[in-house]
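Next come the chains, spelled out residue by residue.
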Amino acid sequence: MQNYRLLQAARGEVLDRPPVWIMRQAGRYMKVYRDLRQKYPSFRERSENPDLAVEISLQPFHAFKPDGVIMFSDILTPLPGIGIPFDIIESKGPVFENPIRTQAQIDALTPLDPETCLPFVREILTTLHKEVNGQATILGFVGAPWTLAAYCIEGKSSKDYAIIKGMAYSQPTMLHQFLAKLADAIAIYARYQIDSGAQVVQLFDSWAGQLSPHDFKTFSLPYLQQVVQQVKATHPDTPLILYINNSAGILDFMAHSGVDIVSVDWTVDMAVARQRLGADIGVQGNIDPCALFGSQEFIRNCILDTINKAGNQKHIMNLGHGILQNTPEENVAFFFETVKQSNYLCNNSN
């Protein structure tokens, strides 16, 4: 059976129930993934080897039959293609040997040519499209300019973002140039994913929630708009989703990015999010990932409450962040089955 429910919801069609997938859908909570990781300990090998990346992407599809299958990859994947090498160390995360700190480094960056430096991405998405065979929507994803810049400038994950914020406040012109170059590269990468088979693309601006509303409007939003405008210019019918962690303070501004769907974290009530975003913007989310450690009755109540508040149009069921390590797989299965068995009429949705 064909299943384009997620794509249909993202385009605003009215359905009988919401589509469902989970951020970090493939990963450490699954035993089959942990077993494979023992054999292939390098994250970059797992994400950049097409055979491995396809196998990992399909693990939750085979186990749970979600409505969306997302490519197993990383938001940093295109950076070496513009001249920013990095490595990912297990349990530590990304590490940049030469963080971006100078004008000369920014001037030396090159335009992204994904066909040359990211051919494995096309192979992964093309193969996923064939393997899924219309039984789910294929999702691609990219990192947003501010978040990628934060990694590149900090040189690793950060708790206070002092280095990039220091650059923003003391050398804003240089940072703006860097963000603009990243935005161009990200737009090229997103279009490449769509041309390779991605039917929906999610933008992760995970660290933008650490910005004040004013700084978000200055250093993140214009470059999100730059990416969206460039992608929509060539692929106007491909829905785009924007996710920002800890986004309660900037939720209203996310609606101005130009995306079709805003992914809401669990710090905002779904009914409130709907009101703040307006009728034209779809929503995704927003169950607390820790809910999947609760009883099945608790999980069911969270699902039904979210469905009731989101309404019967432009809502994609998801967690408010990525699924957590050690989440019981049986609860993940229950989450998917409960959503798939739900019905808007039975849930008294409007």
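Residues numbered from 1 in each chain as written. Predicted model: local features only at pLDDT ≥ 70, side-chain atom pairs only at ≥ 80, totals over all residues. Heavy atoms only, no water.

**Observations regarding the side chain of T147**
Here comes step 1: Here T147 lies in helix α8 (residues 145–154).
Here comes step 2: At 3.1 Å, the side chain of T147 and the backbone nitrogen of S206 are in polar contact.
Here comes step 3: Among the polar contacts listed, one links the side chain of T147 to the backbone nitrogen of W207, at a separation of 3.0 Å.
Here comes step 4: In contact with T147, other than residues within four places in its own chain, are I75, F204, D205, S206, W207 and A208. (Helix = DSSP H or I, 4+ residues; strand = E, 2+ residues; numbered from the N terminus. Polar contact = N/O pair within 3.5 Å; in protein donor to acceptor, adjacent residues only side chain to side chain. Contact = heavy atoms within 4.5 Å.)

**Considerations on the packing of aromatic side chains**
Note on aromatic pairs: each is described by the distance of the centres and the angle between the planes.
Here comes step 1: Within the structure shown, the criterion is met by 10 aromatic pairs.
Here comes step 2: Look at F141 and F204: their rings are 5.6 Å apart centre to centre, the planes differ by 85°, and that puts the pair in the edge-to-face class. Of this pair, F141 sits in strand β4 (residues 137–143) while F204 sits in strand β5 (residues 200–204); the two residues are 63 residues apart in sequence, bridging distant segments of the chain.
Here comes step 3: Classification of F204 by relative accessible area gives buried; the value is 14%.
Here comes step 4: Here Y161 and W207 contribute two aromatic rings whose centre-to-centre distance is 4.8 Å and whose plane-to-plane angle is 70°, an arrangement assigned as edge-to-face. Note that Y161 is positioned in the loop between α8 and α9 (162–170) and W207 in the loop between β5 and α11 (213–234), a separation of 46 residues in sequence. Here Y161 and W207 have matching classes, each one buried.
Here comes step 5: Aromatic ring contacts, followed pair by pair, group Y33, F43 and F72 into a single cluster.
Here comes step 6: In this structure, R44 is placed above the aromatic ring of F86, and the distance from its NZ or CZ to the ring centre is 4.4 Å. (Phe/Tyr/Trp six-rings, centres within 6.5 Å; stacked < 30°, edge-to-face > 60°. Buried < 20%, exposed > 50% of the residue type's maximum accessible area, 1.4 Å probe, protein only. Lys NZ or Arg CZ within 6 Å of the ring centre and 35° of its normal.)

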